[in-house]
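Analysis of the macromolecular model
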Amino acid sequence: MVVQAALQRHLDFSNQAPAYTMWQILEPEREGVRQRLARMFGCETEEIALTRNASEGLQICQFGFDLAAGDEVLTTNQDYPRMITTWQQRERRDGIKLRQFSLPVPCEDPDLIVSLFEKNVTPKTKLILMCHMINLTGQILPVKQIVAMARRRNLPVIVDGAHALAHFDFTHADLECDYYAASLHKWLCAPHGTGMLYVRRDKIKNLWPMMAAPAALDGDIRKFEEIGTHPAANYLAIADALTFHQGIGAQRKEARLIFLRDRWARRLLQHERVRLNTSLRPGFACGLANVQIQGVESKALALHLWNQHRILVIAIKHAEFEGLRVSPSVYTTLEEIDRFAEAIERVIKHGLPKT
Ligand SMILES: Cc1ncc(COP(=O)(O)O)c(C=O)c1O
């Protein structure tokens, strides 16, 4: 509500005389948002670009490195489909090779994850793309250790933080990565069409922007924002989302999300047919978790929950696992969590209603 009101306010003002109100008054105010995001992430202001979403930030990185035919890029088979599509387009266009590997689900061994990345590096590997949090299961990956392993081999790591930022409490010091892109419309609850890209200061110069920028901006983080006319309102309303998020406090938000997850997950785990595709151990996941009821098709179950109970969960079907992705937020009530658990228990006991 607070964010939508801010968005509307900025949009109304913006449209009064855009050449003046949008470009001259509102646009420069983005700098305050940049400063606040940098302070939250724990980096320099000059290392944060405002983007339209995580996809844009990630694709700036995925397209921004020069790669030659035969070069390999490495990622898992649980990375986000659009980011995989991006590599596949580079395969068709540039003749590079995408290499993907499996991760255990769930995985509670950071060393194993690092060793899987390491094992799949070949002499041809030029880049690594990894998730901070996997969107399918909520699994958190050990970014800092993977970045350290890659740095020893001189390999850049692009970190996909779409689901991580403002979900659980961390700063750049916990990651030490050079490239990090996140959505702001997810867990920060900023307006749709907002994201951020972090690029370490000394890496900016050698990363191409997706839309052309003048050479004078080569070393300036703002070269990634040269996207033509764009609304100022979305970006400015990020400030209100930040105020809301910081009012709650990142640690308290994380604790609340874990409390909500544990409330339904631990209750359902008492049933034999429930398989959790997400670790409940500290540090391996947060509010988003994936649960499978063995013997019940996840897609049909998600449809049932929506049709009968107006409970919205996402059915996930991966080649190696399936389940429901359950992601309550800070506004989800305990009563809603219990209603979800009850609805699942009814299905465990009686099966899905015949249609
Ligand atoms: C892991 C992951 N990466 C990237 C994205 C793309 O994010 P956006 O919609 O902000 O472009 C998503 C979106 O759900 C995601 O879950």
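Residues numbered from 1 in each chain as written. Predicted model: local features only at pLDDT ≥ 70, side-chain atom pairs only at ≥ 80, totals over all residues. Heavy atoms only, no water.

Brief notes about unusual backbone geometry
- In the segment running from valine 105 into proline 106, the intervening peptide bond is cis, with an omega of -15 degrees.
- You can see proline 106 is positioned in the loop between β3 (97-101) and α6 (110-119).
- The backbone of alanine 166 shows a phi angle near 65 degrees, a positive value even though the residue is not glycine.
- Its place among the elements puts alanine 166 in the loop between β5 (157-160) and β6 (179-183).
- You can call alanine 166 buried: its relative accessible area is 6%. (Helix = DSSP H or I, 4+ residues; strand = E, 2+ residues; numbered from the N terminus. Buried < 20%, exposed > 50% of the residue type's maximum accessible area, 1.4 Å probe, protein only.)

Topic: the domain arrangement of the protein
- Taken as a whole, the protein is organised into domain 1 (2-245) and domain 2 (250-350).
- Spacing between the C-alpha centres of domain 1 and domain 2 amounts to 28 Å.
- The partner domain 2 presents 28 residues to the 25 residues of domain 1 that form the contact.
- Surface buried jointly by domain 1 and domain 2 totals about 2,100 Å² across both partners, of which 56% is contributed by carbon and sulfur atoms.
- Scanning the region where domain 1 abuts domain 2 turns up 1 salt bridge.
- We note a salt bridge from arginine 281 to glutamate 108, for which the minimum N-O separation is 3.4 Å.
- Taken together, the links from domain 1 to domain 2 amount to 15 residue pairs in polar contact (both at pLDDT 80 or more).
- Of the residues contributing to the side of domain 1 that touches domain 2, the split by class is 12 nonpolar, 10 polar and 3 charged. (Domains from an automatic or database assignment. Contact = heavy atoms within 4.5 Å. Buried area = accessible area lost by both parts, 1.4 Å probe. Salt bridge = Lys/Arg side-chain N within 4 Å of Asp/Glu carboxyl O. Polar contact = N/O pair within 3.5 Å; in protein donor to acceptor, adjacent residues only side chain to side chain. Nonpolar A, V, L, I, M, F, W, Y, C, P; charged D, E, K, R; others polar.)

As for the sheet that holds strand β10 (residues 314-317)
- Read from one edge to the other, the open sheet built from 4 strands follows the order β8-β9-β11-β10, with strand pairing classed as antiparallel. A single partner strand is all that each edge strand has here, and the edge strands are β8 (274-276) and β10. With strand direction ignored, the average angle separating the axes of adjacent strands in the sheet is 35 degrees.
- One ladder, built from 4 bridges, connects β10 with strand β11 (residues 322-326); its direction is antiparallel. Looking at β11, one finds that lysine 317 is bridged to glutamate 322. (Pairing = 2+ DSSP bridges. Axes fitted to C-alpha atoms, helices over the stretch in contact; angles between N-to-C directions.)

Structural notes on the packing of helix α4 (residues 54-64) against helix α5 (residues 81-94)
- Look at α4 against α5: their axes get within 10 Å of each other, and the N-to-C directions meet at 25 degrees. For the element pair α4 / α5, the angle class is roughly parallel. Between α4 and α5 the crossing geometry is right-handed. Two secondary-structure elements touch here, α4 through Ser55, Leu58, Gln59, Gln62 and Phe63 and α5 through Arg82, Met83, Thr86, Trp87, Gln89 and Arg90. (Parallel < 35°, antiparallel > 145°, perpendicular 65-115°, else oblique. Left-handed = near helix turned anticlockwise from the far one by under 90°.)

Details of the site of the ligand
- Neighbouring the ligand are the residues Asn53, Ala54, Ser55, Tyr80, Asn135, Asp160, Ala162, His163, Ser183, His185 and Lys186.
- One of the backbone nitrogen or oxygen atoms of alanine 54 is found 2.9 Å away from an oxygen atom of the ligand.
- Measuring from an oxygen atom of the ligand, one finds a side-chain N or O atom of histidine 163 at 3.5 Å.
- Burial of the ligand by the protein amounts to 90% of the accessible area it has alone, namely 390 Å². (Near = heavy atom within 4 Å. Areas by Shrake-Rupley, 256 points an atom, 1.4 Å probe, with all protein chains shown as cover.)

As for the sheet that holds strand β2 (residues 72-76)
- Spatially, β1-β7-β6-β5-β4-β2-β3 is the arrangement adopted by the 7 strands of the open sheet, whose pairing is mixed. Of all the strands in the sheet, just β1 (48-51) and β3 have a single pairing partner and so form its edges. Sheet twist, expressed as the mean angle between neighbouring strand axes with direction ignored, is 20 degrees.
- Across the sheet, α5 lies against β2, β3, β4 (125-131) and β5, angled at about 145 degrees from β3, the strand it touches most.
- Across the face of the sheet, α6 comes into contact with β2, β3 and β4 while running at roughly 150 degrees to β4.

A word on the packing of α6 against helix α7 (residues 143-152)
- The interhelical angle for the contact between α6 and α7, taken along N-to-C directions, is 30 degrees, at an axis separation of 9 Å. In the packing of α6 onto α7, the handedness of the crossing is right-handed. For the pair α6 and α7, the contacting residues are Pro110, Ile113, Val114, Phe117 and Glu118 in the first and Gln145, Ile146, Met149 and Arg152 in the second.
- In terms of residue class, the contact of α6 with α7 is built from 6 nonpolar, 1 polar and 2 charged.

A short note on the pattern of salt bridges
- If you walk through the whole model with that rule in mind, you get 22 salt bridges.
- Notably, a salt bridge pairs aspartate 338 with arginine 263, separated by 2.7 Å at the nearest N-O pair. Of this pair, aspartate 338 sits in helix α12 (residues 334-350) while arginine 263 sits in helix α10 (residues 250-268), placing them 75 residues apart in sequence.
- We classify aspartate 338 as buried; its relative accessible area is 19%.
- With a relative accessible area of 32%, arginine 263 lands in the partly exposed category.
- One salt bridge in this structure joins glutamate 322 and lysine 317, with 3.0 Å as the shortest N-O distance.
- Through salt bridges that share partners, Glu27, Arg30, Glu31, Arg34, Glu46, Asp220, Arg222 and Glu225 make up one connected network.

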